[in-house]
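These are the residues of each chain, in order.
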Amino acid sequence: MQPSLSSIQNFEGKYPRQLWYLFFSEMWERFSFYGIRGMLTYFMVNQLFMDEKSANLQYGATQAFVYAVTFIGGLFADRILGFQKSLFWGGLLMICGSLILATDPKAYFFLGISFNVIGTGFFKPNISTMVGALYKQDDSRRDAGFSLFYSGINIGALLGGYACIAIGKGSLFGGWVPEALRWNVAFGLVAVVMSISLLTFVFTRRSMGPIGVSPLSPAPTDSPDALAPQAEANAQSGRRIAGFLWQEWAVFIGALLSVPLIMKMVANTVYTDYFMYAIGPFSLLYLAYEMSRHTAEEVRKLVAALMFILFSVIFWAIFEQAGGSLSLFAANNLDNRLLGSVTLDPNGVNNAANSLFVILFAPLLGLLWVAMSRKKLEPNTVVKFGLGFIFLGFAFYTFYATRFFATAQGIASLDVFTVAYFVVTLGELCLSPIGLSIMTKLSPTRLQGLMMGMWFLASAYGQYVAGLFGASIVSEQANATALDKLMAYTDGYKLFGGYAVIAGVVLLLLSPLMRRLMGDVR
């Protein structure tokens, strides 16, 4: 028998058991996502033989579509599929995409990536929304739940981010995997792990009760008085075919038919420009329409949410150099020795260091917030956002400082690079976990999928701008040496650090206004 919503939300202890199921499902999905993300730019330059500027633009375009489709996935989940079916369908598409890449990553690169783009769009925003639904609106344990969920994301990112690129380059299991098959195995590992994620969800979904069921399928009830209206509602929804409504089949078929379109748009960054120019204004107009149907208090909270979303675009545009320019910087300009004695793949460190620091320091920062709260010194959400930007700025100044620890050949210290990621992590911990939670707090129930989608759409714009930023700092010299690349990239990182600090200061100045808009949400 499935649990009721009230029995789920009235759990005892710190976390509901359903959170652990979502934790593991998301952890393995993030292994897959960050595994592919960490390989993209390096693979395009070294296996598809793109120039570095084109690879940065291509990375930004690909990742922009990943996050933009989450906005569309959130809409379909809200209106037709529900969160549970969206997760299942998204996971299935991601497995198919990874298997295509494992078959021949060079020949089928854009086809496999397109399946993963669409699959992530259905999977990612909806599992985050399900986490929020495990709690009552005023439950003080909600932030702790999102923090635990966020740690699952980073465990997956740590493992996948290091393992996949290291296997592809041959620095991990190089003696066991033939050189000609290393990239096939790396992408194949993604498919295996994504299958584990999907099976975890399938075998635990009944414990979610009514959370995430399709809005076209009224939740079952044992009440005899409700049987007649429920039957009528089912009849109005339509006849089921192989267990799914025709509207659900339309979404599934539409997603498959969109694969060639996404493939064309991802492969040609000009189409990405057109798409990004269109999806942003459309989403804002749609949000304005939805806001007209809500109370003044709800509208104020949605305006506050929108301000958080707009600032996050700037944050992610700088932060996401990790998958673009910093990936190439790690490949070309870093040694492979950490603390003078530990040999590590520098691209693996680039992909995994941030996640490791999140796992280690997120609990400590959480304890610090609790201790400050007891003394009534804890900064509010807006101030934390501002601090996140300032830490990010200092981190990129540290990336800039790697030039002062480089050899004459342009090979910089992996130690200084890793310290920079520690500072990046402090910024992320001030912003990202809170961002997921604040979207659910500020959004009316019927718009939570949409607003979570818009949060990830902001990430799409961040990824898109990250590609533009990364391409803009590539050395213009035709046969640039490692030293030339070091100087060009670090000059850019100094500039990005300044952008982040300025944005943080502006956000701190806007804190009183945003707090008024947020009303009773803290």
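Because the structure is predicted, anything quoted here is derived from the model rather than measured.

Cut-offs applied
- Residues numbered from 1 in each chain as written.
- Predicted model: local features only at pLDDT ≥ 70, side-chain atom pairs only at ≥ 80, totals over all residues.
- Heavy atoms only, no water.
- Helix = DSSP H or I, 4+ residues; strand = E, 2+ residues; numbered from the N terminus.
- Rg over C-alpha atoms; globule rule 2.2 N^0.38 Å.
- Buried < 20%, exposed > 50% of the residue type's maximum accessible area, 1.4 Å probe, protein only.
- Contact = heavy atoms within 4.5 Å.
- 1 Å grid on protein atoms, 1.4 Å probe; cavity = no way out; pocket = protein on both sides within 12 Å on 5 of 7 lines; lining within 4 Å.
- Points joined across faces, edges and corners; volume = space filled by probe spheres on them.
- Nonpolar A, V, L, I, M, F, W, Y, C, P; charged D, E, K, R; others polar.
- Core = buried A, V, L, I, M, F, W, Y, C linked by side-chain atoms within 4.5 Å.
- Salt bridge = Lys/Arg side-chain N within 4 Å of Asp/Glu carboxyl O.
- Patch = residues over 30% accessible without salt bridge, like charges linked within 9 Å, V, L, I, M, F, W, Y side chains within 5 Å.
- Areas by Shrake-Rupley, 256 points an atom, 1.4 Å probe, with all protein chains shown as cover.
- Expected span 1.5 Å × (residues − 1).
- Bend = angle between axes of the 7 residues up to and from the residue.
- Polar contact = N/O pair within 3.5 Å; in protein donor to acceptor, adjacent residues only side chain to side chain.

What follows covers the overall build of the protein. Looking only at helices and strands, one finds 17 helices and four strands in the protein. In summary, the protein has a C-alpha radius of gyration of 23 Å against a globular reference of 24 Å for 522 residues, a match within 12%. Its C-alpha atoms give the protein principal-axis dimensions of roughly 80 × 55 × 40 Å. Within the protein, the proportion of its 522 residues that are buried is 58%. Restricting to contacts in the protein with at least 6 residues of sequence separation, those with at least 24 account for 82%.

Here we take up the layout of surface pockets. Unfilled space is identified by rolling a water-sized probe across the atoms. The volume enclosed by the largest pocket comes to roughly 1,400 Å³. Along the walls of the largest pocket sit 46 residues, with Asp143, Ala144, Glu378, Lys384 and Lys441 positioned nearest its centre. For the lining of the largest pocket, the secondary-structure elements that each account for two or more residues are helix H5 (142-169), helix H11 (296-319), helix H13 (346-374), helix H14 (381-401), helix H15 (414-442) and helix H17 (482-518). Ranked by residue count, the leading element in the lining of the largest pocket is H13, at nine residues. For the lining of the largest pocket, the per-class residue count stands at 22 nonpolar, ten polar and 14 charged.

Before going further, it helps to spend a moment on the nonpolar core. In this structure, Met39, Phe308, Phe399, Tyr421 and Tyr493 are the most contacted members of the largest nonpolar core, which totals 158 residues. If one sorts the elements of this core by residue count, helix H3 (residues 52-103) sits on top with 22 residues.

Turning our eyes to something else, we now look at the pattern of salt bridges. According to the stated counting rule, one finds twelve salt bridges in the structure shown. Note that glutamate 290 is salt-bridged to arginine 79, the shortest N-O span being 3.0 Å. Taken together, the residues glutamate 290 in helix H10 (residues 269-291) and arginine 79 in helix H3 connect sequence positions 211 residues apart. Taking the relative accessible area as the measure of exposure, arginine 79 reaches 32% and is therefore partly exposed. With a closest N to O distance of 2.6 Å, aspartate 491 and arginine 403 form a salt bridge. Linking aspartate 491 in helix H17 with arginine 403 in the loop between H14 and H15, this pair joins segments that are 88 residues apart in sequence. You can call aspartate 491 partly exposed: its relative accessible area is 43%. Looking at arginine 403, the relative accessible area reads 17%, which means it is buried.

Here we come to a nonpolar patch on the surface. A contiguous nonpolar patch, built from Ile241, Trp249, Ile253 and Leu257 and spanning about 390 Å² of accessible area, is present on the exposed surface. Ranked by the residues each element gives to the nonpolar patch, the list is headed by helix H8 (residues 246-257), at three residues. On the secondary structure map, tryptophan 249 appears in helix H8.

The subject of this paragraph is unusual backbone geometry. At phenylalanine 49, a position not held by glycine, the phi torsion is positive, near 60°. Within the secondary structure, phenylalanine 49 is located in the loop between helix H2 (17-46) and H3. Judged by its relative accessible area of 64%, phenylalanine 49 falls in the exposed class. Positive phi values are uncommon outside glycine, yet phenylalanine 173 reaches one of about 60°. By the element assignment, phenylalanine 173 lies in the loop between H5 and helix H6 (182-204). Taking the relative accessible area as the measure of exposure, phenylalanine 173 reaches 41% and is therefore partly exposed.

With that settled, the discussion passes to H3. Given 3.6 residues per turn, any residue in an α-helix points the same way as the ones three and four places further on. Taking 1.5 Å as the rise per residue, H3 with 52 residues should run 76 Å; its terminal C-alpha atoms sit only 26 Å apart, a clear shortfall. Its axis deflected by about 115° at leucine 81, H3 carries its strongest bend there. Most of H3 is tucked away: 41 of the 52 residues are buried. Its side-chain oxygen 3.1 Å from the backbone nitrogen of lysine 53, aspartate 51 forms the N-cap of H3.

Limitation: the analysis is restricted to geometry and does not speak to function.
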